[in-house]
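Residue-level structure breakdown
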Amino acid sequence: MSSILQSGVRGLVFVTSLCVVAPTTASAEQSTPDITDEQFIRRIEALVPEYESARAAREARIQALREAERGSVPLDTVQFGPLRVVTLQGNVDRTRALFEDTWNESFSGLEVSPSLARHLFTFQWRARVQRLAFAADPNQQVVAIQLSRARVPTADRAKAEIRDALSRSVLADFPSGSPMSAWLTARGYPRSVDMYRLVALANVGATRQCLSGDAGACGAALGIGFGDPGAEISAWFEPHQRLEMVQRAVASRDHLETDDALVRSCIDLNDIAACDSLLARLDWVSWVPVSDRLRAHALWLAVSVGGSGAWGRALERADAPIVDVLEHVSGLSIQEFLTVWREELIRNRPDARAGFGGRGSRVLAWSLIFMAFAMRSTRWRLA
Amino acid sequence: MAASLKYWLIALVAAWGAAAAWLLPPSRFDRFIRTDLPEDVRYREATVELQLAHGILVSRRWADSLSALAVRTAVDGLALAHPHSANVTPEGFDEWRELLSSRLQSLEPRDPDMVVGVFFQNDRHGALDGVLLPRFGARPQTYVGTREGSPYCLVVYPKRYPVSNSELRSAGRLETCLMHAKYGEPGAAVTAWLESGGFAFARDVRLAEFDEFHLRRARMLPFGMFRPVEADVATTGCVAGKLPACTAAFVAGGMSRSFLPLIEQSPIAYVHEGAFSPFSRKSDALLAELEAAYGPELFARFWQSDSDVESAFRAAFGEESGAWLRDWVQTEIGSYRSGPMPSGGAILLAMLILTALSAATCVIAMRRRVA
């Protein structure tokens, strides 16, 4: 307490001394005029030890708190491939099973990921979420997966959460600005069922034709293949969408020079033919009017189709055009790959019909509640 | 008491008991409350002290070197400079100069003696090695003063990384030096008012120029503001149409208090804190709108007056500052009724529901017959 008082008094004296000599006026000549820079430097140097001492005291206290917490909750570590997962002692078997399943289903080619090796995961599920205190390598990035039973009731949902965390942890494998880093999204691992919905509900010609069996249109929905022979860009996208694609390509990347005559015609004069010529020139566009999660889905599918070694092949071509990457990773030609991607979407079409959704159960619940009250009424009481 | 009512009461008491057991100490609730430990308080105070002192030193050095640079290198009253950067091309610099020069030349009126400087400055320049950097960080600053007989107004953008052409282009306005460039040095009381917060109303922007994105977002918010009831009291009161609140909002200026100690003790006249000005940032244009409303002659009278701000405003424009601000807020922001009372609609609805329930109760009671 005395140190706080001392510090406060010193601060007050310092500020007061400055206020006395510093009239509150604007000009450089008038503020704190009779204190030289050297005197100021000496004052600052006098404050530095107090600051360092206060910082050290605070850090020592934080460290002491951490030490006190460490060991209060019994922990264990699950090691699986390159993954290290810290969890509560009673959760070890469940954690191992979930991570093993997830790894084998979706990430078996990722042993070579350099960024995954730098991650340490903590996992809590179906238990009261607690602060896990453990010694971590300062170079390691700790990713906490804390799932409450209410939000994540089933093992499948828990695996989806693990999949999201693992897919985010490998984003740093690719240099910023590379096609791979642009296609992988930080929004997690895309589920095929969700992707089918996105494709089916998008109000875009490309997605409609893709579901009808046109592999080129599937590529267009991913933003590739506008320059391929047989490309029907006018059937895939509306004119305003093509214009926006060029605008965003100009804004986001350097592949299109702003002083290019075609760019000026497209953007300034809304010349759609010029926009189409520009799109045909690009190996991929940074934006299409469909969710960017489709691209991440296609990329993860390519890794899955490519099997073991796929991630290593992706790392080999980190800076290559995205079509090359997809072919190299999946081991298929781009046309074959797009056909496989389309089949994956169709296969995951949800078997659902339009119904009352959640309202039916809510209506039923309220009806039962009112019926129960009605039964309590003297006029309606049974028996 | 009816048996069923007893059950409800028991359930209620049990729920209270459960909540109390969880919330009353010793409980787990304290985990969510962050209490300041003595070490935290001491660290925070030492940090504030050190950053304030270091900020004063750095700003003294900047004011000294940049004012000299401005006065000696100004061409047609404009001085521009940035730290060496490979990302700035000669064409980019020329474009920046042209942008600001044409802006300055287009001003009507304009003080021919005033030197306006726009500078990018390395944020570590003039700082002591190994000492915590000042708290102003990358926030733009304004310096106003006189050097070698020349009045100057400088806008300084502290930068950590090399600047680029696009950053130069984005600094294409005179910002808080607009009125100084037009009307020269203000009177003493107006100067003090500007430094205590009035600079937040003095940016180089008109309402009509506000970014469409910003306005679209503002339209989506109630009264175009982020939570008007959570703004400071004067702002909230002014949006509610209270004259004293509007007067206070104008006189107090639109700046938060956090940098006042630094501004009072250093040559810095203003630290721009980002999008925290009141009235949904529209108040950035307040002085420009005031000038447009009354004309340059009356505005110059206000600007150069030696009286306090309220008197200067009244003498120049023939109106109370609060009354003018209230009308401006009503036009630009809208009206938000303040106070704890429910709205008229809510009261009416509540009365209707109560009436309907009373009527239903009466009808049931009247239909009841003794068997």
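Residues numbered from 1 in each chain as written. Chains lettered and ligands numbered in written order. Predicted model: local features only at pLDDT ≥ 70, side-chain atom pairs only at ≥ 80, totals over all residues.

**Looking at the overall build of chain B**
A count of helical and extended segments in chain B gives 15 helices and five strands. Evaluated residue by residue, chain B yields a buried proportion of 37% over its 371 residues. The contacts in chain B between residues at least 6 apart in sequence include a share of 76% that link residues at least 24 apart. (Helix = DSSP H or I, 4+ residues; strand = E, 2+ residues; numbered from the N terminus. Buried ≥ 20, exposed ≤ 12 C-beta atoms within 10 Å, placed from the backbone. Contact = placed C-beta atoms within 7 Å.)

**Regarding the nonpolar core**
Counting 75 residues, the largest nonpolar core has B:V116 and B:L154 as its most contacted members. Per-element tally for this core: the top contributor is helix α2 (residues 38-73) of chain B, with 12 residues. Counting residues in hydrophobic clusters, the runner-up holds 67 residues, among them A:W183, A:V199, A:A217 and A:C218. (Core = buried A, V, L, I, M, F, W, Y, C linked by C-beta atoms within 7 Å.)

**Side note on the pairing of strand β1 (residues 78-81) of chain B**
All names here are of chain B. Sheet topology note: the β1/strand β2 (residues 115-122) ladder contains four bridges and is parallel. The residue bridging L78 from the neighbouring strand is V116, located in β2. Handedness of the crossover joining β1 and β2 through helix α3 (residues 90-105): left-handed. (Pairing = 2+ DSSP bridges. Right-handed = clockwise from strand over helix to strand, strands pointing away.)

**A closer look at unusual backbone geometry**
All names here are of chain B. The residue after E108, namely P109, is reached through a cis peptide bond having omega 0°. Mapped onto the elements of the fold, P109 is located in the loop between α3 and β2. Unusually for a residue other than glycine, E148 sits at a positive phi of about 50°. As for its placement among the helices and strands, E148 is situated in the loop between β3 (141-147) and β4 (150-159).

**Focus: the sheet that holds strand β3 (residues 119-125) of chain A**
Residues and elements named next belong to chain A. Read from one edge of the open sheet, four strands run β1-β2-β3-β4, paired in mixed fashion. Looking at the sheet topology across the chains shown, the edges are occupied by β1 (75-80) and β4 (141-147). Averaged over all neighbouring strand pairs, the angle between strand axes comes to 25°, with direction disregarded. Where strand β2 (residues 83-88) meets β3, three bridges bridge the pair, whose relative direction is parallel. Among the inter-strand pairings, T87 is bridged to a residue of β3, identified as F123. Here helix α3 (residues 92-106) sits on the sheet in contact with β1, β2 and β3, set at roughly 25° to β1. (Axes fitted to C-alpha atoms, helices over the stretch in contact; angles between N-to-C directions.)

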